[in-house]
Amino acid sequence: MHIFKNTNIDFLRWRWHAIALSWLIILTGVYVIATRGIPKGVEFAGGTVVIEQFDRPVAIQQVRAALDTNYPGGGKDAIVQQTGDPSANMVMIRVPQVGSEAGASLGVEAAKVEDALKKASLNPKRQGAEIVGPSVGRELTSRGIWATALSLVGILFYLAFRFQFSFGVGAVVATIHDLLITLAFLAFFRYDMSLNVIAAILTMTGYSTNDTIVIFDRIRENLRSMRRDSMNHVINVSVNQTLGRTVITSGTALLTALALFFFGGEVLHGFAFTMVVGIITGTYSSVFIAAAIVSLWRGTAPTRAAAHAPAPTTPSPRSPAPLQPQRKQKPLRKAQAS
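Presented here is a report on the structure given in the accompanying data block. (Residues numbered from 1 in each chain as written. Predicted model: local features only at pLDDT ≥ 70, side-chain atom pairs only at ≥ 80, totals over all residues. Heavy atoms only, no water.)

### What to know about the side chain of Arg15
Step number 1: Mapped onto the secondary structure, Arg15 falls in helix 1 (residues 15-36).
Step number 2: Asp10 is the oppositely charged side chain nearest to the buried, salt-bridge-free Arg15, at an N-O distance of 7.9 Å.
Step number 3: Excluding residues within four positions of it along the chain, Arg15 makes contact with Asn232, Phe288, Ala292, Ser295 and Leu296. (Helix = DSSP H or I, 4+ residues; strand = E, 2+ residues; numbered from the N terminus. Buried < 20%, exposed > 50% of the residue type's maximum accessible area, 1.4 Å probe, protein only. Lys, Arg positive; Asp, Glu negative; His and termini not counted. Salt bridge = Lys/Arg side-chain N within 4 Å of Asp/Glu carboxyl O. Contact = heavy atoms within 4.5 Å.)

### Quick look at the packing of aromatic side chains
Step number 1: Counted according to the given criterion, the structure contains twelve aromatic pairs.
Step number 2: Relative to Phe167, the ring of Phe163 has its centre 5.9 Å away and its plane inclined at 20 degrees; by these criteria the two rings are stacked.
Step number 3: Note on Phe261 and Phe273: the rings are 6.5 Å apart at their centroids and 45 degrees apart in plane angle, and the pair reads as tilted. With a gap of twelve residues between them, Phe261 in helix 9 (residues 243-263) and Phe273 in helix 10 (residues 269-298) connect regions that are remote in the sequence.
Step number 4: On the basis of relative accessibility, which here comes to 11%, the residue Phe273 falls in the buried class.
Step number 5: Chaining the aromatic ring pairs together yields one cluster made of Phe185, Phe188, Phe189, Tyr191, Phe261, Phe262 and Phe273.
Step number 6: One Lys or Arg, Arg162, reaches over the ring of Phe163 and ends 5.8 Å from the middle of that ring. (Phe/Tyr/Trp six-rings, centres within 6.5 Å; stacked < 30°, edge-to-face > 60°. Lys NZ or Arg CZ within 6 Å of the ring centre and 35° of its normal.)

### Focus: the sheet that holds strand 2 (residues 79-82)
Step number 1: Reading across the sheet, the four strands line up as 2-3-1-4 and stay open at both edges, with antiparallel pairing between neighbours. What marks the edges here is a single partner per strand, and that holds for strand 2 and strand 4 (124-132). Taken pair by pair, the neighbouring strands of this sheet meet at an average axis angle of 15 degrees, ignoring direction.
Step number 2: Pairing of strand 1 (residues 47-54) with strand 4 involves eight bridges; the strand directions are antiparallel. Within strand 4, the residue paired with Glu52 across the bridge is Arg126.
Step number 3: Sheet strands in contact with helix 3 (residues 60-70) are strand 1, strand 2 and strand 3 (90-95), and its direction is about 150 degrees off that of strand 2.
Step number 4: Packed onto the sheet, helix 4 (residues 108-119) meets strand 1, strand 3 and strand 4 and runs at close to 150 degrees relative to strand 4. (Pairing = 2+ DSSP bridges. Axes fitted to C-alpha atoms, helices over the stretch in contact; angles between N-to-C directions.)

Just distances and angles here, no functional claims.
Given below as structure tokens:
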């Protein structure tokens, strides 16, 4: 199926504009994270999450007032938000306290939250609870960082071995770019950094790398047949040749992520949002960032294949035949003998 036929778009013409836009988003995201931080889910920050259902609609301010009055230590650090279908009257409450990390006292804080709501005559009914201690949160944070770092190192070594080192650098830079852009949007829209979001980030990393490898493989094929063309021209031709495939695969994956975002429920909101941002950013970086890095690394000169092309085999008209000197010397030796 061909969506685009014989396209001739100069993608590298916009590389500096794309790099400037990426830097703007990344620096804005760094500022937001430095000033406001990025919300952490209970898996990383630790704490107790309780989901309560009420027999009538209850405002968020009523829940906060009940915690401030009846919960030990107050509810100033508690996070209260509606969850699920609004008609179900369910509220999610997260407090940083966890009590003991083992034994019968593990669910004490969840019981205290529920008691505080009962004292305010809100008639809660617990629908679920999740408790994560600080040590577990630190371990999950460390594992998440190591998983991301090792995946980047593996991508660099694989592409350096499979293609060329410049291709590996371009793919790794594009992947880091995708991670930073995704973190910036998570900070903009205040999504919690949870295990679901980490899973989406790692999935998005693999998807973006696969898209980049498809373009790089076409560049490598064209380097053999376009030996005397500049590197920029080879890259533009390769991106145009894979443009239809990129649009089809990215569009299909994006529709799936959008379906999860709108119909997957509150639990999958963060995962689906991260996937939507990652798919768009990964496609954008494969075309404008990864290819631009290879172009800047290799320069605009003709490809190496042209520089090392075999010399023409046609002999020069001035070069003597190898047997001519011997034929001239034989008559001279006979003449001297006579």
